[in-house]
Amino acid sequence: EIKLNPDNITGFVTSDASFRVKTKLTFPFKIKLNNLDYDVEMEELDLEEISKYVNNAKLFLDIKNGFPFDLKAQILTFDENGNLQDSVFQTPIFIQGAPVDSYGAILDYASIQYIKTEVLITSEKFEVLRNAKSSKIRLVLNTSKDQNGNKPFIRLSNNAKLNMKLGVEAEANLSFDLK
């Protein structure tokens, strides 16, 4: 409701004049990522029994990254004082970001393919995980490059998602008492 000049006074707006507007605003969000570290706390892992038998394990990852940034992933272990002990993977897992144009928009979601990665976890690394008081997954994010090799400001959309399939192959020492 707008009240303009309710008392018929020429050229004045009274102090109780008002109007109400209801709107929805969308703010464009653009960002450029350069080695952004993001840590995710892992719940306590109970590897006491499994680490006695497993010699090594291989993780098979099929990853489809629909986000416009590359990811490097590593699992870090810490002692009781929060000091870094070790990392689980020999080298961080690299996950290619979705291709972008020079404006930072993802080129084509339908064309993004699964990337196959294999990661070996040795018995020594199982022991590191078993003895750790806490562990984190550390992600390092970097903006995807466009066709010219430049890193534009990127835009995130509702279509962006990360799909992952995981398989495990383990080498173990098992003995059976067949009486």
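Up top is the structure these notes are about.
Residues numbered from 1 in each chain as written. Predicted model: local features only at pLDDT ≥ 70, side-chain atom pairs only at ≥ 80, totals over all residues. Heavy atoms only, no water.

A. A look at the nonpolar core. Membership of the largest hydrophobic core comes to 20 residues, with the highest contact counts inside it found for Phe-69, Val-88, Phe-89, Ile-93, Val-119 and Ile-121. Listed by contribution, the elements that provide at least two residues to this core are β3 (54-65), β4 (69-78), β6 (93-95), β7 (115-122) and α2 (123-131). Broken down by element, this core gets its largest block of residues, 5 residues, from β3. Sequence-distant contacts of Val-119, that is, excluding residues within four places in its chain, are made with Ala-57, Lys-58, Leu-59, Leu-61, Phe-89 and Ile-93. (Core = buried A, V, L, I, M, F, W, Y, C linked by side-chain atoms within 4.5 Å. Buried < 20%, exposed > 50% of the residue type's maximum accessible area, 1.4 Å probe, protein only. Helix = DSSP H or I, 4+ residues; strand = E, 2+ residues; numbered from the N terminus. Contact = heavy atoms within 4.5 Å.)

B. Spatial organisation of the pattern of salt bridges. Enumeration according to the criterion identifies 5 salt bridges in this entry. Between Arg-138 and Asp-39 there is a salt bridge; the shortest N-O distance is 2.7 Å. Of this pair, Arg-138 sits in strand β8 (residues 134-143) while Asp-39 sits in strand β2 (residues 36-41); the two residues are 99 residues apart in sequence, bridging distant segments of the chain. Assessed through its relative accessible area of 27%, Arg-138 is described here as partly exposed. One salt bridge connects Glu-118 with Lys-58, and the closest N-O pair in it is separated by 3.6 Å. Separated by 60 residues along the polypeptide, Glu-118 in strand β7 and Lys-58 in strand β3 bring together distant segments of the chain. Overall, Lys-58 belongs to the partly exposed group, its relative accessible area being 27%. (Salt bridge = Lys/Arg side-chain N within 4 Å of Asp/Glu carboxyl O.)

C. Expanded view of the layout of surface pockets. If you add up the space inside the largest pocket, you get close to 710 Å³. Taken together, 31 residues make up the lining of the largest pocket; nearest its centre are Leu-59, Ile-75, Phe-89, Ile-93 and Ile-137. Of the residues contributing to the lining of the largest pocket, the split by class is 30 nonpolar, 1 polar and no charged. (1 Å grid on protein atoms, 1.4 Å probe; cavity = no way out; pocket = protein on both sides within 12 Å on 5 of 7 lines; lining within 4 Å. Points joined across faces, edges and corners; volume = space filled by probe spheres on them. Nonpolar A, V, L, I, M, F, W, Y, C, P; charged D, E, K, R; others polar.)

D. Structural detail: the sheet that holds β7. On the basis of which strands lie adjacent, the open sheet formed by 3 strands has the order β7-β3-β10 and antiparallel pairing. Across the chains shown, the open sheet's two edge strands, defined by having one partner strand only, are β7 and β10 (162-172). When strand polarity is set aside, the average angle formed by the axes of neighbouring strands in this sheet is 20 degrees. Relative to β7, β3 is paired through 8 bridges, and the arrangement is antiparallel. If you follow Lys-58 over to β7, its bridge partner there is Leu-120. (Pairing = 2+ DSSP bridges. Axes fitted to C-alpha atoms, helices over the stretch in contact; angles between N-to-C directions.)

E. Structural view of the side chain of Asn-65. Looking at the element boundaries, Asn-65 is found in strand β3. The class of Asn-65 is buried, set by a relative accessible area of 2%. Reaching out from Asn-65, the side chain makes a polar contact with the backbone oxygen of Phe-69 at a distance of 2.9 Å. (Polar contact = N/O pair within 3.5 Å; in protein donor to acceptor, adjacent residues only side chain to side chain.)

Limitation: the analysis is restricted to geometry and does not speak to function.
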